[in-house]
Amino acid sequence: MSDRPIRVRYAPSPTGHLHIGNARTALFNYLFARHYNGTMVLRIEDTDTKRNIADGEKSQIDNLHWLGIDWDEGPDKGGDFGPYRQSERKDIYHKYIQELVAKGDAYESYKTEEELQADRDAQKAAHEAPHYVYEYEGLTEAEKQAKIAEAKAKGLKPVIRFHIPADHTYEWNDIVKGDISIDGNTIGGDFVIEKADGMPTYNFAVVIDDHLMQISHVLRGDDHIANTPKQMAIYEAFGWQPPVFGHMTLIINGATGKKLSKRDESVLQFIEQYKELGYLPDAMFNFITLLGWSPKGEDEIFTRKEFIKLFDETRLSKSPARFDQKKLEWVNNQYIKKTDPNELTALAVDNLIESGRLAKDPDPSTIEWARQLISLYIPQMSYTGQISDLATIFFEQPKELDEKDMKELADDNALQVLKLTQEKLRALPTFSAYYINQAVYHVRLETGVKGRKLYMPVRIATTREMHGPQLAETIELMGREKVLANMDYVINALEK
């Protein structure tokens, strides 16, 4: 543990919606900060202007808030270490870049893209790893300045490259990975820290920001390990203490075993998609926390406060985290069963409207009917968006009788049971679940038929399904007219 005050950051780029992997990074930083009573910083890394999308920052913030992640400093809150958007810190970066140039640790580079591509092609042909070839190699200072003057005369705009010291090793003790050592000769040579348009590159800006914002710990995905030596080189050039790094393992598709890629369309990967389907934020928080981290014991469902209390960075997994869609559905179902019915109704009604099952702006009686409908399916729902498919019998024409249905209806008593049930349902003074149950009970007494031979024919005849939620409640919500019509069809089929 660092002896500095705990300050961590989540630093998204506004280039798209909040991805599961990025949400996990934000979540682990949040838990780490809250566990140690530290500070959580939100920083927007928006220097790649070509990839930024409209409302990208707002989307990130909205979805983080939906998950229940908050922060202490950021572009929406302010703080003592702002600005918190990199696009507003350009002058800060330029000052430090010029300091490195003045010290001889960085320099202007005029190699064109064509020259760089030629170098890469030659390296590929020689079976060498891609690397930058120093353009002033072997030149005297006068020759170097003459070459620079020639490039300027052609109107070329330089990038600024940082000079990687030769034969230098970069080492750190990683929270997750343990001791890591990387030879500086393997990281691709001198790298760009300022682009031709004057914007800093990621590996430079992130160091300046983390240092000036006094970030003590950096928890991020292990795809950033390759960046760490470059960042450590910048820290060393300024004589600054780097933060403690922790590189979390990749998330893999549990079905394929492959890295969870944004191009993998077999898995929904963006928080907004789960929000729209009716997943609950606390369930998503719970599930994502257990992707690459585990508490002691066998429990899998925790409150946010319990996660904060239990969080231990030493229990971050060294093995890839498996994204299991079925496990997520199970976790969400656990939360659905405990959630306020009013909240579930609001979510599921939105889903029913979105799918066209209900008209927009339903009246109070329709909402009350929908509330009862939704309550029938709560035990079955993994997410509220499933209600449209689960409850098809309420919105679509009944399906035709199939071979399995006819097998269940082949019993000699089926027709008698259905006729008597229909008669009693037609005569009910109030078409409610209580009286429907009473009617079926009296059919049992009068016919002597019970169990499956009683209930299965009634279920098939009334709903045209062999399985479903509580039968009497289902029949009540379908309504007398529809139920009797459904039964007419089946009785007529058996009488033929």
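Up top is the structure.
Note that this is a predicted model, so its numbers are computed, not measured.

Visitor: Got a sec to walk through the overall build of the protein chain? Specific residues and values, please.
Guide: When helices and strands are counted, the protein chain shows 20 helices and eleven strands. Its C-alpha atoms give the protein chain a radius of gyration of 32 Å, clearly above 23 Å, the size a compact globule of 496 residues would have. With respect to the principal axes defined by its C-alpha atoms, the protein chain has extents near 110 × 50 × 40 Å. When contacts within the protein chain are restricted to residue pairs at least 6 apart in sequence, long-range pairs at least 24 apart make up 74% of them. Each charge sign in the protein chain was given a centre, from 62 positive and 78 negative side chains, and these centres are 4 Å apart.

Visitor: Provide a residue-level description of the sheet that holds strand β7 (residues 191-194), including the pertinent values.
Guide: The strand order across the open sheet formed by three strands is β3-β4-β7, and the pairing between neighbours is antiparallel. Because the sheet does not close on itself, it has two edges, and the strands there are β3 (106-109) and β7. Strand-to-strand, the axes of this sheet are offset by a mean angle of 45°, without reference to chain direction. Sheet analysis places β3 next to strand β4 (residues 159-162), joined by four bridges and oriented antiparallel. When the sheet's bridge partners are listed, Y107 is paired in β4 with R161.

Visitor: Could you give me a rundown of helix α4 (residues 113-125), with the residues and numbers involved?
Guide: Compared with an ideal rise of 1.5 Å per residue, which puts 13 residues at 18 Å, α4 spans 18 Å between its outermost C-alpha atoms and is within 8% of the ideal. Once α4 finishes, H127 follows within two positions and takes phi at roughly 60°, a positive value.

Visitor: Hey, could you go over the side chain of R9 for me, with residue numbers and the actual values?
Guide: If you trace the backbone, R9 turns up in strand β1 (residues 7-10). The exposure class assigned to R9 is buried, which follows from its relative accessible area of 7%. A distance of 2.9 Å separates polar atoms of two side chains, one belonging to R9 and the other to D210. Those residues in contact with R9, other than ones at most four positions away along the chain, are N29, V41, R43, V206, D210, I215, V218 and R220.

Visitor: For the environment of A102, give the residues involved together with the corresponding values.
Guide: If you trace the backbone, A102 turns up in helix α3 (residues 90-103). A C-alpha to C-alpha distance of 51 Å links A102 and E306, two positions 204 residues apart in sequence.

Visitor: Tell me about the pattern of salt bridges, and please be specific about residues and values.
Guide: One pass over the full model with this rule turns up 29 salt bridges. One salt bridge connects D210 with R43, and the closest N-O pair in it is separated by 2.9 Å. Taken as a pair, D210 in helix α6 (residues 202-212) and R43 in the loop between β2 (39-42) and α2 (56-67) lie far apart in primary sequence, 167 residues in all. In this pair, the class of D210 matches that of R43, namely buried. Across the salt bridge formed by K399 and D402, the nearest N and O atoms sit 3.7 Å from each other. Residue class for K399 comes out partly exposed when judged on its relative accessible area of 33%. Among the residues examined, D402 registers a relative accessible area of 34% and is labelled partly exposed. Here the salt bridges do not stand alone but share partners, grouping R9, R43, E45, R89, D209 and D210 into one network.

Visitor: Before we move on, can you summarise the packing of helix α16 (residues 414-427) against helix α20 (residues 480-495) with the specific residues and values?
Guide: Running from amino to carboxyl end, α16 crosses α20 at an angle of 155°, the nearest separation of the two axes being 10 Å. Between α16 and α20, the angle falls in the class roughly antiparallel. Crossing hand, α16 versus α20: left-handed. Along the contact surface, α16 presents L415, L418, K419, T421, Q422, L425, R426 and A427, while α20 presents R480, V483, L484, M487, D488, V490, I491, L494 and E495. Of the residues contributing to the contact of α16 with α20, the split by class is ten nonpolar, two polar and five charged.

Visitor: Now, about the layout of surface pockets: what can you tell me, with residues and values included?
Guide: Within this model, the largest pocket holds a volume of roughly 1,200 Å³. Put simply, the parts of the chain that give the lining of the largest pocket at least two residues each are β1, α1 (20-35) and β8 (217-221). Per element, the largest residue contribution to the lining of the largest pocket is five residues, and it comes from α1. Partitioned by chemical class, the residues of the lining of the largest pocket number eleven nonpolar, 17 polar and twelve charged. If you add up the space inside the second largest pocket, you get close to 550 Å³. In this structure, the second largest pocket is lined by 28 residues; those nearest its centre are E113, L116, R120, R161 and V192. Elements represented by at least two residues in the lining of the second largest pocket include exactly α4, β4, β7 and α6. At four residues, the largest contribution of residues to the lining of the second largest pocket is made by α4. The residue inventory of the lining of the second largest pocket, partitioned by class, reads 13 nonpolar, seven polar and eight charged.

Visitor: Outline the environment of D389, listing residues and values.
Guide: The topology assignment puts D389 in helix α14 (residues 387-390). C-alpha separation for the pair D389 and N351, spaced 38 residues apart in sequence, amounts to 11 Å.

Visitor: Give a description of the nonpolar core that names residues and reports values.
Guide: Core analysis: the largest hydrophobic core is formed by 97 residues, its most contacted members being I69, M284 and F323. Among the elements that line this core, the one with the most residues is α1, at nine residues. Setting aside residues up to four positions removed in sequence, I69 forms contacts with A23, A26, L27, Y30, M40, L64 and F285. Counting 35 residues, the second-largest nonpolar core is a separate cluster that includes A106, I193, F204 and I225.

Visitor: Can you explain unusual backbone geometry? Please cite residues and give values.
Guide: Going from G82 to P83, the amide bond is cis rather than trans, its omega being 0°. Relative to the helices and strands, P83 resides in the loop between α2 and α3. We note that D361 has phi near 55°; this positive angle belongs to a residue other than glycine. Along the chain, the position of D361 falls in the loop between α12 (341-354) and α13 (364-377).

Analysis parameters
Residues numbered from 1 in each chain as written. Predicted model: local features only at pLDDT ≥ 70, side-chain atom pairs only at ≥ 80, totals over all residues. Heavy atoms only, no water. Helix = DSSP H or I, 4+ residues; strand = E, 2+ residues; numbered from the N terminus. Rg over C-alpha atoms; globule rule 2.2 N^0.38 Å. Contact = heavy atoms within 4.5 Å. Lys, Arg positive; Asp, Glu negative; His and termini not counted. Charge placed at Lys NZ, Arg CZ, Asp CG, Glu CD. Pairing = 2+ DSSP bridges. Axes fitted to C-alpha atoms, helices over the stretch in contact; angles between N-to-C directions. Expected span 1.5 Å × (residues − 1). Buried < 20%, exposed > 50% of the residue type's maximum accessible area, 1.4 Å probe, protein only. Polar contact = N/O pair within 3.5 Å; in protein donor to acceptor, adjacent residues only side chain to side chain. Salt bridge = Lys/Arg side-chain N within 4 Å of Asp/Glu carboxyl O. Parallel < 35°, antiparallel > 145°, perpendicular 65-115°, else oblique. Left-handed = near helix turned anticlockwise from the far one by under 90°. Nonpolar A, V, L, I, M, F, W, Y, C, P; charged D, E, K, R; others polar. 1 Å grid on protein atoms, 1.4 Å probe; cavity = no way out; pocket = protein on both sides within 12 Å on 5 of 7 lines; lining within 4 Å. Points joined across faces, edges and corners; volume = space filled by probe spheres on them. Core = buried A, V, L, I, M, F, W, Y, C linked by side-chain atoms within 4.5 Å.

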